[in-house]
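Secondary and tertiary structure notes
Listed below, chain by chain, are the residues.
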Amino acid sequence: MKQTTRLLDILDRAENGPIVEESQWDMFLVPDEIERVRSEFDIHLDDVGDSIVPQDDALADRLFDAGLALAERLGAYCVSTSRRMQFTRNEILNPINVAPLSISFGEDLDQHTEHKRAIEDPAHMTIKGGGVGTPVPEDLYLLVHQSYAQEPLIDAMINCTMERVYGREIRSRSPWEILTGWHEAELTKAACKRAGRPGLALGCVENAVSDVAELSASSYGGFSRRDWHHVAMISEFKTDYMLLNKLTHLVRTGSVIHSFYNTIYGGSVGGKDGMAIAIVCGCIMLQMIYMTNTHSVSPSHPFLDNDTCPEIMVAISVAQQALARNSRLLTDVVITPVGGPGTKILLYETAAMAILAAASGACGLIGPRSAAGTVPAHVSGLEARFMAEVAHAAAGMSRNDADSLVRRLVAKYKDQLDKKPIGKSFPEVYDLVTLKPLPHWQAIYEEVKQELKQMGLNLT
Amino acid sequence: MSISKDMKTEYQKQLHLAIQAGSADKGIELARNALDKGLVPVEFFEEIIQPVLEDLGDRFSRLEAFLPELMRGGMVVKAVQEKVLEPIIHEQSDEMASRGKIIIGTCQGDIHDIGKNMVALMLQVNGFSVVDLGTSVSSRDFIEAAKRENADIIAMSTLITPSMPFMKDVIARLDSLGLRDRFKIITGGAPVTREWANEIGADGFGEDAVEAVEACRQLMGV
Ligand code: B12
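Residues numbered from 1 in each chain as written. Chains lettered and ligands numbered in written order. Predicted model: local features only at pLDDT ≥ 70, side-chain atom pairs only at ≥ 80, totals over all residues. Heavy atoms only, no water.

A look at the overall build of chain B
For the record, the criterion: For the purposes of this entry, the term helix denotes a DSSP run of H or I that reaches at least four residues, the term strand denotes a run of E that reaches at least two, and both are numbered from the N terminus. Our radius of gyration looks at C-alpha atoms and nothing else; its globule reference is 2.2 Å times the residue count to the power 0.38. Burial status follows relative accessibility: with a 1.4 Å probe on protein chains alone, a residue under 20% of its type maximum counts as buried, one over 50% as exposed, and anything between as partly exposed. For this analysis, residues touch if any pair of their heavy atoms sits within 4.5 Å. Accessibility throughout is a Shrake-Rupley quantity obtained with a 1.4 Å probe, and a residue counts as covered only by protein chains that appear here. Only four residue types enter the charge count, namely Lys and Arg as positive and Asp and Glu as negative; His and the chain termini do not. The atom standing in for a charge is NZ when the residue is Lys, CZ when it is Arg, CG when it is Asp and CD when it is Glu.
Looking only at helices and strands, chain B features nine helices and five strands. Seen in sequence order, chain B has helices and strands lined up from the N terminus as α-α-α-α-β-α-β-α-β-α-β-α-β-α. Computed over C-alpha atoms, the radius of gyration of chain B comes to 18 Å, within 12% of the 17 Å expected from 2.2 N^0.38 for 222 residues, which places it in the range of a compact globule. Over its C-alpha atoms, taken along the principal directions, chain B stretches across nearly 50 × 40 × 25 Å. A burial count over chain B gives 54% of its 222 residues as buried. Within chain B, residue pairs in contact and separated by at least 24 positions form 73% of the contacts whose partners lie at least 6 positions apart. Carbon together with sulfur atoms contributes 46% to the accessible area of chain B, which is approximately 9,800 Å² in total. Here chain B carries 24 positive and 35 negative side-chain charges, and the mean point of each set is 3 Å from the other.

Here it is as structure tokens:
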């Protein structure tokens, strides 16, 4: 729960914890401690064989204990003060044990409530559709967002970033960043109004690469307290004054906080075991240092930028299961495929991740961040509709069934991942006047849906 | 003086172990021992350090080794170079073993550093001497550091579009200071493309850490 009392406590720790060099944190403290808990709690994801959605509750529980132990032993690190922010086991468990099991965002008729889900839960996940930070040219920005907002299955939207503002280059932590934050608010709100969903909750301020755009664009007339505001945790388990500035503002304005942590496969956390431990610990730390409402960890592959490789997917699945079984935290899965609009692979990757998330107990789905979120304007609303349809069809599926479906899907795309099939840009897949998918993109979507039905997924 | 193949393999194995243990002391002890046995610093670098690091880099590019090992590799080798090899090389005013000096950092406003760290380490394990300025480095600081360190290459990374203009600033600033010819510029990071790098007048570009090493090799002609 958010309040100034806890905020002060968090800020105090960033001032008073032991001083440690950042290189020491990155090079020794994090990897060494991860290795230690990995062997202590016997976390070996290789033991599940080829399974991508494992069904090993004991492993999930050990993973939770490992993540909790890591959070307790490591704490977080404040880069601005070079201090470790440490918490005792009880201090960690107290907020986790009272975290609310639901959170509502958005306004009036467009309000939506995200709920805690269990593994194999028949309840639907919350669908947060959008291009997740993908850069989009200014003139397409409104249309791209409208293509998402008009999809009825989307419960909330997640914004893209803007390539330029008023035709000018955007510079981080400058007046240009502030202008971009405002432009994001104006255009995404306009997109929602046009779609007839003026109160749809917006994932923002996506263009706030520093604190200034967040603070400005969520003041009067900009984003509302009931939009879902982003605060990042720097990998691995680090924060700084800029991020704590965002936090302080959001706590004092009573806004919905969504925080995220993107760990990298093969990075400081090591391989899939370390990554799974880091995901659990990451969600716990996000709760500890940001009092966040919804938690997301979006791991990526160091060379492909995606999260749809089997070695990353298995870590996400077990970590989500660990958090579903052992905590009250509301956790979201971000889908980051390599495929872009107009490709089948994007839909296969999205389907595999949506099914995995549904069966593993995730509460919300974010994305898809098509073409890994790095290729300008390579995003469109249709893939978010598809993500929602698959996610809802997969609700209630057993882990066993999910695993076999996910493996069949992964087999379809695995060999293409390193080809970076980025597909086509928004104007090449949507009619910019009717804002409908162009026939070739619609046909691919229909075709893949048909394939999924044949594979046994209960799609309408 | 040359040593036997067996000895070489043994030293390489020991260095590999020192790296895995993250022990600079073990690395230093090993190098001292090898030099006592008559190996000269350049030989130790070329025949022991380089093959071990190249193997590490290869394993990392196949994701068979992970970043922590790469970090330790960089750290142990740096200690060996600074504490053992360089003092002797300077004494003998011999050729420096480094393939070139590189200033690297993430541009102003950007805190993404994982890719930059990987590039820095891969450059280091491939024989370049690297000074890492960290994240959110201003155009001015890039240039000041390059002058201070007498660098050959300035390597700039960014993952976010709003920090790309700061790369241009570095080049513009070098131009206005009349220093453009003194340093080579290389850029990279997800939103940076080869075309964009050309457009702003950079000398090199790398899609990933392996290409980054290749580009720096080309620029240095090594
Ligand atoms: C990890 C990550 C984070 C972490 C960073 C942690 C850290 N310590 O670095 C956190 C959570 C903090 C974060 C924060 C944000 N992020 Co971020 N993040 C990512 C993510 C998922 C992966 C980046 C990464 O590390 N990849 C792995 C490394 C190994 O790859 P790489 O960096 O590309 O490096 C390789 C090459 O590019 C190359 N290379 C890199 N540098 C150099 C330099 C030279 C000289 C050369 C030759 C080569 C080279 O070699 C490297 C190794 O092979 C990407 C999305 C993605 N899928 O790529 C988004 C992404 C970069 N982030 C993005 C955004 C928008 C943000 C935020 C603004 C979100 C927000 N609203 O808060 C903040 C920005 C904070 C800031 N001021 O910088 C956008 C950027 C869009 C854009 N073009 O502007 C992306 C693309 C995702 C998205 N679509 O939203 N993020």
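The rest of the description comes next.
A closer look at the overall build of chain A
Each helix and strand counted, chain A has 15 helices and 17 strands in total. What you see for chain A is a C-alpha radius of gyration of 21 Å, in line with the 23 Å of a compact globule of 460 residues. Along the three orthogonal principal directions, the C-alpha set of chain A runs to about 60 × 50 × 40 Å. For chain A, the residues scored as buried account for 66% of the 460 residues in total. For chain A, contacts bridging at least 24 residues in sequence account for 80% of all contacts bridging at least 6. Summed over all atoms, the accessible surface of chain A reaches about 15,100 Å², with 49% contributed by carbon and sulfur. Taken together, the 43 basic and 58 acidic charged side chains of chain A have centroids lying 3 Å from each other.

Focus: the sheet that holds strand S2 (residues 83-85) of chain A
Operational definition: Pairs of strands are assigned from DSSP output, requiring at least two bridges between the strands.
Ordered in space as S2-S1-S13 (chain A), the three strands form an open sheet in which the pairing is mixed. This sheet does not close on itself; its edge strands, each paired only once, are S2 and strand S13 (238-239) of chain A.

Re the site of the ligand
So the rule is basically this: Nearness is defined per residue: one heavy atom within 4 Å of the molecule or strand is enough. In protein, a polar contact means a hydrogen-donor-capable atom and an acceptor-capable atom, both N or O and within 3.5 Å, with residues adjacent in sequence counting only if both atoms are side-chain atoms; elsewhere, any N or O pair within 3.5 Å suffices. Think of it as three bins: nonpolar holds Ala, Val, Leu, Ile, Met, Phe, Trp, Tyr, Cys and Pro, charged holds Asp, Glu, Lys and Arg, and polar takes everything else, Gly as well.
Near the ligand there are 50 residues, and of these A:Val132, A:Val209, B:His112, B:Asp113 and B:Thr161 occur at the shortest range. Neighbouring residues of the ligand are not confined to one chain but are distributed across chains A and B. The contact in question runs from a nitrogen atom of the ligand to an N or O atom on the backbone of A:Ser235, over 3.1 Å. A distance of 2.9 Å is found between an oxygen atom of the ligand and a backbone nitrogen or oxygen belonging to B:Ile111. When residues of the shell around the ligand are traced back to their parent elements, those giving at least two are strand S12 (228-233) of chain A together with helix H5 (114-125), strand S3 (153-157), strand S4 (184-188) and helix H9 (209-220) of chain B. Residue composition of the shell around the ligand, by class: 25 nonpolar, 17 polar and eight charged.

Description of the interface of chain A and chain B
Just so we agree on the cut-off: Two parts placed together each lose some accessible area under a 1.4 Å probe, and adding up what both lose gives the buried area. Each reported salt bridge corresponds to a side-chain nitrogen of Lys or Arg within 4 Å of a carboxyl oxygen of Asp or Glu.
Across the contact, 28 residues belong to chain A and 25 residues belong to chain B. Here chain A and chain B share an interface that buries about 2,300 Å² over both sides, 67% of which is from carbon and sulfur atoms. Our enumeration of links across chain A and chain B arrives at three salt bridges. Between B:Asp169 and A:Arg171 there is a salt bridge, with the nearest N and O atoms lying 2.6 Å from each other. Where chain A packs against chain B, one counts eight residue pairs in polar contact (both at pLDDT 80 or more). Looking at the side of chain A that touches chain B element by element, the count peaks at five residues for helix H2 (residues 22-40) of chain A. Here the side of chain A that touches chain B is built from residues that sort into 11 nonpolar, 10 polar and seven charged.

Some details on unusual backbone geometry
Residue and element names in this part refer to chain A. Each neighbour pair has its own omega, and for Cys204 with Val205 the value is -15°, a cis peptide bond. Relative to the helices and strands, Val205 resides in the loop between strand S11 (201-204) and helix H7 (211-217). For the bond running from Gly367 to Pro368, omega is -5°, close enough to zero to count as cis.

Quick word on helix H3 (residues 57-74) of chain A
Residue and element names in this part refer to chain A. Filter applied, for reference: Multiplying 1.5 Å by the helix residue count minus one yields the expected span of that helix.
Taking 1.5 Å per residue as the helical rise, H3 with its 18 residues ought to reach 26 Å, and the 25 Å between its terminal C-alpha atoms agrees with that figure. Of all the positions in H3, only Leu59, Ala60, Leu63, Phe64, Ala66, Gly67, Leu68, Ala69, Leu70, Ala71 and Leu74 are classed as buried. Buried residues in H3 make contact with H2, strand S1 (76-78), S2, helix H4 (89-98), helix H9 (272-290) and helix H10 (310-326). Of the residues one or two after H3, Gly75 is the one with positive phi, at around 70°.

Here's the deal with the coordination of the cobalt atom of the ligand
Which entries qualify depends on this criterion: Nitrogen, oxygen and sulfur within 2.8 Å of a metal are treated as its donors, or within 3.2 Å for sodium, potassium and calcium (Na, K, Ca); water is not counted, so a site can appear incomplete.
Exactly one donor from the protein chain reaches the cobalt atom of the ligand: B:His112 (NE2), at 2.3 Å. Secondary-structure assignment places B:His112 in the loop between strand S1 (101-106) and H5.

A closer look at H5(B)
Residues and elements named next belong to chain B. Between its first and last C-alpha atoms H5 spans 16 Å; for 12 residues at 1.5 Å apiece the expected length is 16 Å, and the two agree. The set of residues buried in H5 consists of Ile114, Lys116, Asn117, Met118, Val119, Ala120, Leu121, Met122, Leu123, Gln124 and Val125. Once H5 ends, the next one or two residues include Gly127, with phi positive near 95°.

With respect to the environment of A:His112
All names here are of chain A. Among the secondary structure elements, His112 is positioned in strand S4 (residues 112-115). Taking C-alpha positions, His112 is 27 Å from Val136, a pair spaced 24 residues apart along the chain. Among all residues touching His112, those that are not within four sequence positions of it are Ile103, Ser104, Phe105, Thr126 and Asp155. Within the local environment of His112, its side chain forms a polar contact with the side chain of Thr126, the two groups lying 2.8 Å apart.

Everything listed here is a matter of coordinates, which is why it stays silent on function.
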